[in-house]
Amino acid sequence: MKRLTYKFASIGALALIFLISSSFVKTPSSVSFKCMIQMINYTGEKAYVVVSLIDPDGNYVKTLYVQGDDDEWFPDLKNWWKFSDGSNENIDGITGATIGNGERNIISLAFEPSEIDSGHTIRFESAVENQEYYTVDAEIALNSATIKNKVDGKGYIRYIRMVPNK
Amino acid sequence: MTLSIWRYSHLILAVSSSLFLLVASITGVILSVEPINNKLQPYSISNAEGLSLAETLANINARYDDVISVSQDQNGFVSATVIIDSKNESFYIDPITGDKLGPIIEKAPIYQFATNLHRSLFLKTPGRLFIGLASLLLFFIAVSGIVLIAKRQGGIQRFFSSVVRENYAQYQHVVYSRIVLIPIVILALSGVYLSLLRFQLIPETFITHEIDFDNLQEEPLLDYTNFELLKNTPLSELRDIEYPFSEFVEDYYLIRLKNKEVLLNQYTGAPISEKKYPMVTLASEWATVLHTGQGTILWSIVLGLGSLAVPFLMFTGFAVYFKRPKTNIKNTVPKEKARFVILVGSEGGTTLQYAQLLHSQLLALGKKSYLAMMDDYTTFKSMEHLVVITATYGQGEAPSSAIKFETLLKKHIQKQPYHFSVVGFGSTSYPHFCEFAYETNKLLQTTPKANALIAQVHTVNDRSFEAYTNWATAWGNLVGLNIRLTKPTKLAEKSHKSPFIVLEKTEAQDMIDDTFLLTLKNTNGAQANSGDLLSIVPGSGEQERLYSLGKLDDNIFTISVKRHPEGLCSNYLLQLEKGTTFSASVVANKNFHFPKKAKKTVLIATGTGIGPFLGMIRSNSRKNEIHLYWGGRTEDSLKLYKPFIDNALESGSLTTFIPAYSRTQTEKKYVQHLIKQDGEQIAKVLRKKGCVMICGSIAMQKEVLNELQSICNRYLKKDLSFYQNRKQIKMDCY
């Protein structure tokens, strides 16, 4: 009977330690940026833009944001779709409305501290119905020194700007 | 000529676009629900319109740290995009309290599906092209439809007057298309506009702001609540406002109002750039709202109904096309050998059916008859008799099978002399009653070798089989043939035989002008009103005769009969003894019932035509004003009806009785003369929505209608057909 009590107490203590330590692991808060996607003036339908995190080797790590709400058109963004659809990624909750010619969209992007200053980049790829698909419309190095610099796009994006969130 | 082109185009356009239109209209009906559904969401804040932008932003900023934008949609719902826990969130808010009201309405999968199908049939760009074209075709269908209705109704000014009913499909097609014309035209045109925009055939112009970044000032610093524009612009003007992206002075407030875009310096509130939206942008917005009904429930409902009408009109339209009897006439006699040639001018094919009756009767009598359309007119080497049976289209135009007739008549001159007669089919509720028949008659009169057998055109109103068969018999007598047309089963009304007992009868020796009255009692509870007809078949295999009923009491009726020396039926009735039972059937004749609502009524009859009126007067227990005009030969002629009339005058169920006798005065007086005399009073009755009822011979009807026409023109400044359409003129003539 006595031994059983000890056993329960030790399990309880262990659990407590584990809980505390695990909550410590979680807290190193993610770094959040406000990101503005400014479109060029073009004619045609509204653009689909996907924002993804790319590792130093140039591979997709995860999808950060999908500007486009009708999955009928997702396959048009070929490279990303191969990764996202192929890895069964859940992108619910990170999609938003498309924007068109000359408009801008402001989104919030969050990263793990480990992803910053470690050679990762943020890639913006874009497509418009019946028009060209840009595998890399714009790409920003996830580098704390240069991240505030305006980066020009090559396709439907005029430029991307990022500032740290308040 | 023009008619067939319009009709042909209308059909071809409809056929070629039918599949696309069907898809677009059904999805359109579904999509019309979406804006209604959205508008009904509880995100509208009733007293928020008065807020200024400055107040709105202050209310929102008080609740959220990092606001990205504030927008207002077509429904007047205000939403905000804010960053919460480093995530973008958009939701509807209360602009007064800043409270979150609910998530942004997502397009339900059904609407997403319907939208894609509606826009592009899931075929992407080619699909959009097809739908755009179908939209354009729909517009052309509507235009050709307007022309066809105008032609059918006899002029654009009669566009909305009542439609003559030929059959279900035709009637519904015309009636409904007139109602939904406006939404359909708007849907079609806005659809075309949106397609043109999509294919960049209408160039879109965009606002571009030029910003002088070097001269942006950070002073004098002003709180945003004091910015002029934000203070003075009401929330109702707002489309959306984007907050400055960062605290750099290069970042500004981007404010989109209903008519312009303004950039505001985030520190001083000074406008950096202000641009009005170009016309194309505003026009495109209007096209979108008109096409989708966004933001208005009422218009969405109108559009939904308009969309719903398209499949209905397609269905009825094709039904009209397929029901129109095809003119496949089989002639057993070659045209070179035919002694009788019947030519038909028909629009819907009804006239042709009647012509076929005569044709087959002639063939049955062993006569060589040839039936063709008027446009088949050519040289007929053996023709002795030409019968033209024709309808009239619209404003006295030729019906579709008689368009070339005039030219052909002049081109093919017959070598041998021949007789002709013309029968006109039409409805007196149109202003140009049988006009084409009259014109044809005139034309034939001036044609070489053609001699009129009957100088006048015989007209048949509202497909009256009786009028037609009367003509056929008369014509037969002139050409030495015994023509007895039988009503085809299709045209025959369903009737049930029912027994009648003779209660009273004028004895043969008491007859005046060979006229007698029969009082009958129905013993089987057959329902009939004064004005309905009694169909009597005098012997087996004989043709039915119709008598107008006057209802004297429940189950008790009177008929007034003129005995013809050779008349089978009149002699049959005359020899019936009191108390004998015979069978007959009641045929409803709703168009000749006594008006329930009219306060004043004028009844006009000659001879036995008074029969139904006797019943109507008897039933006038409310003592509404009734004026009876009656034409007879002599004062003696009245004897038969005198007790009845004196009685009615005394009891007040008849107001006045005005007789005309054609054989007593030195100057013959006919009932139409009375009408002319009392024109002003009759005009008054018509103006007060009273009713004029005419019963008697066709000849009298014609004269009386002429008088009524001039009364309408003179006192009421309207065409007689105006009152006929309102059922203020009712006729039963034979």
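Conventions adopted
- Residues numbered from 1 in each chain as written.
- Chains lettered and ligands numbered in written order.
- Predicted model: local features only at pLDDT ≥ 70, side-chain atom pairs only at ≥ 80, totals over all residues.
- Helix = DSSP H or I, 4+ residues; strand = E, 2+ residues; numbered from the N terminus.
- Buried ≥ 20, exposed ≤ 12 C-beta atoms within 10 Å, placed from the backbone.
- Contact = placed C-beta atoms within 7 Å.
- Axes fitted to C-alpha atoms, helices over the stretch in contact; angles between N-to-C directions.
- Parallel < 35°, antiparallel > 145°, perpendicular 65-115°, else oblique.
- Nonpolar A, V, L, I, M, F, W, Y, C, P; charged D, E, K, R; others polar.
- pLDDT = per-residue confidence, 0-100.
- Pairing = 2+ DSSP bridges.
- UniProt positions renumbered as here; feature names shortened; annotations may be inferred.
- Core = buried A, V, L, I, M, F, W, Y, C linked by C-beta atoms within 7 Å.
- Arc of directions from axis to C-beta.

1. Observations concerning the overall build of chain B
- Regarding its fold elements, chain B presents 19 helices and 26 strands.
- Within the span of chain B, comprising 734 residues, buried residues form 38% of the whole.

2. Some thoughts on the overall build of chain A
- The number of helices and strands found in chain A is 2 helices and 9 strands.
- The order of helices and strands in chain A, counted from the N terminus, is α-β-β-β-α-β-β-β-β-β-β.
- Burial analysis of chain A (166 residues in total) assigns 26% to the buried set.
- A sequence separation of at least 24 residues applies to 65% of the contacts in chain A between residues at least 6 apart.

3. Description of the packing of helix H17 (residues 679-687) of chain B against helix H18 (residues 698-716) of chain B
All names here are of chain B.
- It is at 9 Å that the axes of H17 and H18 come closest, and there the two elements cross at 80 degrees. Considering their axes alone, H17 and H18 lie roughly perpendicular with respect to each other. For the pair H17 and H18, the contacting residues are Gly679, Glu680, Ile682, Ala683, Leu686 and Arg687 in the first and Ile711, Arg714, Tyr715 and Leu716 in the second.
- A per-class count over the contact of H17 with H18 returns 6 nonpolar, 1 polar and 3 charged.

4. Some details on the environment of Arg7(B)
- Mapped onto the elements, Arg7(B) comes out in helix H1 (residues 2-39).
- Between the C-alpha atom of Arg7(B) and that of Ser144(B), which follows or precedes it by 137 residues, the distance is 7.5 Å.

5. Details of the confidence of the model for chain B
Residues and elements named next belong to chain B.
- Here chain B averages 87 in pLDDT, and 96% of its residues register 70 or above.
- Between the elements of chain B, mean pLDDT differs from a low of 80, seen in helix H19 (residues 720-725), to a high of 95, seen in strand S7 (residues 260-265).
- Predicted confidence for residues 490-494 stays below pLDDT 50, and this span has 3 contacts to residues more than four positions away or in other chains.
- At the level of chain-chain contacts, confidence expressed as ipTM amounts to 0.75, with global pTM at 0.64.

6. Quick look at the interface of chain B and chain A
- On the chain A side, the residues contacting the 16 residues of chain B number 20 residues.
- Sorting the residues of the side of chain B that touches chain A by element identifies strand S1 (66-72), strand S3 (87-93) and helix H3 (109-120) of chain B as the ones contributing at least two each.
- Broken down by class, the residue content of the side of chain B that touches chain A amounts to 4 nonpolar, 8 polar and 4 charged.

7. Some thoughts on the sheet that holds strand S9 (residues 157-164) of chain A
Residue and element names in this part refer to chain A.
- Strand order across the open sheet formed by 4 strands is S5-S1-S9-S8, with antiparallel pairing between neighbours. Of all strands in the sheet, those with a lone pairing partner are strand S5 (104-111) and strand S8 (151-152), marking the two edges.
- Inspection of the sheet shows strand S1 (residues 31-39) paired to S9 by 7 bridges, in the antiparallel sense. Within S9, the residue paired with phenylalanine 33 across the bridge is proline 164.

8. Considering the UniProt feature "transmembrane region" (unreviewed entry) in chain B
Residues and elements named next belong to chain B.
- Here the UniProt feature "transmembrane region" (unreviewed entry) sits at residues 12-33, 129-150, 175-196 and 297-322.
- Annotation note: span residues 12-33, helix share 100%, strand share 0%, distance between end C-alpha atoms 31 Å.
- End C-alpha atoms of residues 297-322 are separated by 38 Å, and the span's content is 100% helix alongside 0% strand.

9. Comments concerning the pairing of S1(B)
Residues and elements named next belong to chain B.
- Pairing geometry for S1 and strand S2 (residues 78-84), over 6 bridges, is antiparallel. Bridge assignment links aspartate 66 to a residue of S2, and that residue is isoleucine 83.
- Linking two consecutive strands that pair antiparallel, namely S1 and S2, is a turn of 5 residues; a positive phi of about 85 degrees is found at glycine 76 within it.
- Where S1 lies against strand S5 (residues 238-242), 3 bridges are found, and the strand directions are antiparallel. Of the residues in S5, the one forming a bridge with serine 71 is aspartate 240.

10. Section: the sheet that holds strand S22 (residues 600-606) of chain B
Residue and element names in this part refer to chain B.
- Taken together, the 5 strands give an open sheet; going across it, the order is S24-S23-S22-S25-S26, and neighbouring strands pair in parallel fashion. Edge strands, defined here as strands with exactly one partner in the open sheet, are strand S24 (656-661) and strand S26 (729-733). The mean angle between the axes of side-by-side strands here comes to 10 degrees, regardless of whether they run parallel or antiparallel.
- With 6 bridges connecting them, strand S23 (residues 625-632) and S24 associate as parallel partners. What sits directly across from glycine 631, in S24, is alanine 660.

11. Points about the nonpolar core
Residues and elements named next belong to chain B.
- Of all hydrophobic cores here, the largest spans 60 residues; its most connected members are Leu603, Ile604, Phe613, Tyr629, Val671, Val692 and Leu708.
- Among the elements that take part in this core, H18 stands out by supplying 6 residues, more than any other.
- Core analysis: the next-biggest nonpolar cluster, separate from the first, contains 44 residues, Leu358, Met373, Leu386 and Ala467 among them.

12. A closer look at H17(B)
Residues and elements named next belong to chain B.
- Residues Ile682, Val685 and Leu686 constitute the buried set of H17. For H17, the arc enclosing every buried residue in end-on projection is 100 degrees, short of the 170-degree limit, so these residues lie on one face.
- Tucked into the core, H17 has its buried residues touching S22, helix H16 (671-677), strand S25 (691-696), H18 and H19.
- Positive backbone phi, at 65 degrees, marks lysine 689, one or two positions downstream of H17.

13. A few points about the environment of Asp732(B)
Residue and element names in this part refer to chain B.
- Locating aspartate 732 in the fold gives a position in strand S26.
- Residue classification places aspartate 732 among the buried residues on the basis of 23 C-beta atoms within 10 Å.
- For the pair formed by aspartate 732 and glutamine 701, sequence separation is 31 residues and the distance between their alpha carbons is 8.8 Å.
- In this structure aspartate 732 touches Gly531, Ser548, Asn589, Phe592 and Cys695, once residues within four positions along its chain are discounted.

14. So, unusual backbone geometry
- Residue Pro220(B) follows Glu219(B) across a cis peptide bond; omega there is -5 degrees.
- The residue Asp117(A) is not glycine, and still its phi comes out positive at about 55 degrees.
- Its place among the elements puts Asp117(A) in the loop between S5 and strand S6 (121-127).
- The backbone of Lys717(B) sits at a positive phi, close to 55 degrees, despite the residue not being glycine.

15. Let's talk about the pairing of strand S4 (residues 100-103) of chain B
All names here are of chain B.
- Direction of pairing for S3 relative to S4: antiparallel, over a ladder of 3 bridges. Counterpart to phenylalanine 91 in the pairing with S4 is proline 103.
- Between S3 and S4, which pair antiparallel one after the other, the connecting turn spans 6 residues, and glycine 98 there sits at a positive phi close to 80 degrees.

16. Focus: the environment of Gln172(B)
- Tracing the sequence through the fold places Gln172(B) in helix H5 (residues 168-198).
- Note: C-alpha distance between Gln172(B) and Gly317(B) (145 residues apart in sequence) is 9.2 Å.

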